[in-house]
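# Overview (structure and organization)
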Amino acid sequence: MKQNLFLFELKIFFRNTSSITAIVILLLAGFIGLYFGKTFIERQNNVVQKAVALQKENTAKNYEHFGEDTGLFFFHNKFSVANTATKWAAFSNGQRDINPYLISVTMLGLEGQIYDTDIANPSSLLMGNIDLGFVFIFLFPLVIIALSYNILSSQQENGVWILLKSQTSKPHLIIWNKLLVRILVIFATAFILMIAALFYLNLELDSTFFSIFGLILLYLIFWFAAVFFIISFGKTSNFNASSLIGLWVGLAIVVPASLNLYLTAKYPVPEALKHVMEQRQGYHEKWDLPKNVTMDPFFKHYPQFRQYPFDEKKTFSWFWYYGMQQMGDDQALESRKAMEKKLENRQQFASVVALFFPTIQTQLSVNSLSGSDLKSHLDFQNFVRDYHEKVRLHFYPEIFQEKKSSLAEVEKFGLKHYKGSISPLKMESVVSLLLISLILMITGNFNFKKSLR
């Protein structure tokens, strides 16, 4: 009986043209998201590939023009570091559209260079990029609402529900079967898109795949639970539609925007401007001060360089100049740490709040698993700092001794690729989605029993 009822509801569902249209739209949106997500990452990868050749070409030109003066050569020559995108970054672009993925720096003060990025159209940044992650998190819920909001109210409004209740002792099974049909169809659609992503993005069938797919299915279950909860009150179709769309607007737009404003107010980052100003001041003010004001702290930072002779009588020397650059970075160190600490606090606070808001929780988790979140970018910046320090320590002795560096030695420091590790799925993300969904379903079931008495 239950099986026949389920098959009957399945036939009714696919006889509805609007239902088929909604699924087709989801599939098309998913394929478009796959295409644009992959295209976006491919563009970045192409820029990185060009940067490899350009760095080698520019290094050769700089060496030709300035190779006789080592200090001047490293004043002009740039070393690049690229944040290599994971394969999953094409699935969810995350913050890769607003944070620089390619940083090129000279041996001068790093903190004045590390935040440089390409000029982008603010309107384009506001709209963001469409990817498959966007389709799952923002479009799937709308289709779930459109397919399910009136599965009970339409029958009540047509007078059919009273007839159905009189013919069965378990009328709630009718609603459950209608909902199960929609769950099956939406899950099948999600499965098709995930398999398409697996092959189109050349993903691996590993723990990351199952973590992201499982998280998305839990997220979709939440939206079905939300629909079930709203329709359980037995209100009109207009009430159900308005309530569910209001919930979507709140969770997808209002709450994230409000949380961002709150975090900006709670953890302001005046250190960002202070950081840049201190770095510049720490360098520029040294021009008018005695050279020992620069060199004493520099030798304290790098005691190994005391062995190289420094002539304080010279009006200018590259030894002193690069010492000034380093002091600019050192002077800005505290403000940099304070800024990083506040960004980490923002991230931690958002992670805790997200446990109560499934849309934010899913978005943050998918970005984290894709290696396209804020933490990944901060790790990339620290990698740039480490690489910059490695280049400095390698070539400082040649600059301080005024020795000529060989082109072959410089070319060893070609474009460096950074590939961060992907964090595993946090259990609290899974538990929060499950708990919220269970609470909604249990409450909705209670409402149904109450209304069917």
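Residues numbered from 1 in each chain as written. Predicted model: local features only at pLDDT ≥ 70, side-chain atom pairs only at ≥ 80, totals over all residues. Heavy atoms only, no water.

This next bit is on the overall build of the protein. Of regular secondary structure, the protein possesses 18 helices and three strands. Out of the 453 residues belonging to the protein, those deemed buried represent 46%. Within the structure as shown, the protein displays about 23000 Å² of accessible surface, and the carbon and sulfur contribution to it stands at 62%. (Helix = DSSP H or I, 4+ residues; strand = E, 2+ residues; numbered from the N terminus. Buried < 20%, exposed > 50% of the residue type's maximum accessible area, 1.4 Å probe, protein only. Areas by Shrake-Rupley, 256 points an atom, 1.4 Å probe, with all protein chains shown as cover.)

Read from one edge to the other, the open sheet built from three strands follows the order 2-1-3, with strand pairing classed as mixed. Lying at the two open borders of the sheet, with one neighbouring strand each, are strand 2 (102-105) and strand 3 (416-418). The sheet shows a mean angle of 20 degrees between the axes of neighbouring strands, direction not considered. Looking at chain direction, strand 1 (residues 79-83) and strand 3 are connected through three bridges and run parallel. Bridging from a neighbouring strand, Ala82 pairs with His417 of strand 3. Across the face of the sheet, helix 2 (residues 17-66) comes into contact with strand 1, strand 2 and strand 3 while running at roughly 165 degrees to strand 1. Helix-sheet contacts for helix 16 (residues 374-400) involve strand 1, strand 2 and strand 3, and the interaxial angle to strand 1 is about 155 degrees. (Pairing = 2+ DSSP bridges. Axes fitted to C-alpha atoms, helices over the stretch in contact; angles between N-to-C directions. Contact = heavy atoms within 4.5 Å.)

For the α-helix, the turn length of 3.6 residues means that residues three or four positions removed from each other point alike. Residues Lys291, Thr294, Met295, Phe298 and Phe299 constitute the buried set of helix 12 (residues 291-301). Across the axial projection of helix 12, the buried residues extend over an arc of 115 degrees, all falling on one side. On the buried face of helix 12, the contacting elements are helix 13 (318-331) and helix 16. (Arc of directions from axis to C-beta.)

Summed over the entire model, instances satisfying the criterion amount to 45 aromatic pairs. A centroid spacing of 4.9 Å and a plane angle of 35 degrees characterise the contact between Phe136 and Phe140, whose relative ring orientation is tilted. Note that Phe136 and Phe140 are positioned in helix 5 (residues 132-148) at a spacing of four residues, about one turn of the helix. Note on Phe209 and Phe210: the rings are 5.5 Å apart at their centroids and 90 degrees apart in plane angle, and the pair reads as edge-to-face. The side chain of Lys38 reaches across the aromatic face of Tyr200, ending 4.3 Å from its centre. (Phe/Tyr/Trp six-rings, centres within 6.5 Å; stacked < 30°, edge-to-face > 60°. Lys NZ or Arg CZ within 6 Å of the ring centre and 35° of its normal.)

This paragraph deals with the packing of helix 5 against helix 10 (residues 237-266). Packing of helix 5 against helix 10 leaves a shortest axis separation of 10 Å and a crossing angle of 170 degrees. One finds that helix 5 runs roughly antiparallel with respect to helix 10. In contact with Phe138, Pro141, Leu142 and Ile145 of helix 5, helix 10 contributes Leu244, Ile245, Trp248 and Ala252. Considering only residue class, the contact of helix 5 with helix 10 consists of eight nonpolar, no polar and no charged. (Parallel < 35°, antiparallel > 145°, perpendicular 65-115°, else oblique. Nonpolar A, V, L, I, M, F, W, Y, C, P; charged D, E, K, R; others polar.)

On to the pairing of strand 2. Here strand 2 shows one buried face, formed by Ile103 and Val105, and one open face, formed by Leu102 and Ser104. Inspection of the sheet shows strand 1 paired to strand 2 by four bridges, in the antiparallel sense. When the bridges of strand 2 are listed, Ser80 appears paired with Ser104.

Attention now goes to the nonpolar core. Phe91, Phe136, Phe140, Ile186 and Trp223 are the most contacted members of the largest nonpolar core, which totals 67 residues. Top element by residues in this core is helix 9 (residues 207-231). It accounts for 17 residues. The residues contacting Phe140, other than those within four sequence positions of it, are Leu26, Val135, Ile186, Thr189, Ala190, Leu193 and Leu220. If you look at the next biggest cluster of nonpolar residues, it comprises 36 residues, including Leu110, Met327, Val410 and Tyr418. (Core = buried A, V, L, I, M, F, W, Y, C linked by side-chain atoms within 4.5 Å.)

UniProt feature "transmembrane region" (unreviewed entry): in the numbering of this structure it lies at residues 12-36, 132-152, 179-203, 209-231, 243-263 and 430-448. Taken end to end, residues 12-36 has its terminal C-alpha atoms 35 Å apart, with 96% of it in helix and 0% in strand. Helix makes up 88% of residues 179-203 and strand 0%, whereas the separation of the span's terminal C-alpha atoms amounts to 32 Å. (UniProt positions renumbered as here; feature names shortened; annotations may be inferred.)

All right, on to the side chain of Ser429 then. Within the element layout of this structure, Ser429 appears in helix 18 (residues 427-451). The exposure class assigned to Ser429 is buried, which follows from its relative accessible area of 4%. Those residues in contact with Ser429, other than ones at most four positions away along the chain, are Leu215, Leu355, Gln361 and Ser365.

On to the pattern of salt bridges. Inspection of every chain in the model, using the stated rule, returns six salt bridges. When the shortest N-O distance is used, the salt bridge between Arg392 and Asp329 registers 3.2 Å. On the criterion of sequence distance, the pair formed by Arg392 in helix 16 and Asp329 in helix 13 is long-range, its members being 63 residues apart. A salt bridge links Lys412 to Glu409; the shortest N-O distance between them is 3.3 Å. On the accessibility criterion, Lys412 (63% relative accessible area) is exposed. Looking at Glu409, the relative accessible area reads 19%, which means it is buried. (Salt bridge = Lys/Arg side-chain N within 4 Å of Asp/Glu carboxyl O.)

Let us now look at the environment of Phe191. With respect to the secondary-structure elements, Phe191 resides in helix 8 (residues 172-200). With relative accessibility at 45%, the residue Phe191 sits in the partly exposed group. Along the sequence, Phe191 and Leu217 sit 26 residues apart, while their C-alpha atoms lie 9.4 Å from each other.

Contact pair helix 9 / helix 15 (residues 358-370): the axes reach a minimum separation of 11 Å and the direction vectors enclose 170 degrees. Relative to helix 15, helix 9 is oriented roughly antiparallel. Two secondary-structure elements touch here, helix 9 through Thr208, Ser211, Ile212, Leu215, Tyr219, Phe222 and Trp223 and helix 15 through Pro358, Thr359, Thr362, Ser365, Val366, Leu369 and Ser370. In terms of residue class, the contact of helix 9 with helix 15 is made up of eight nonpolar, six polar and no charged.

Another aspect to go through is helix 13. Relative to the 20 Å expected for 14 residues at 1.5 Å per residue, helix 13 spans 20 Å between its end C-alpha atoms, a close match to the ideal helical length. Of all 14 residues making up helix 13, twelve are buried, and the element is well covered by its neighbours. Within helix 13, the full set of buried residues consists of Trp318, Phe319, Trp320, Tyr321, Tyr322, Gly323, Met324, Gln325, Gln326, Met327, Gly328 and Asp329. (Expected span 1.5 Å × (residues − 1).)

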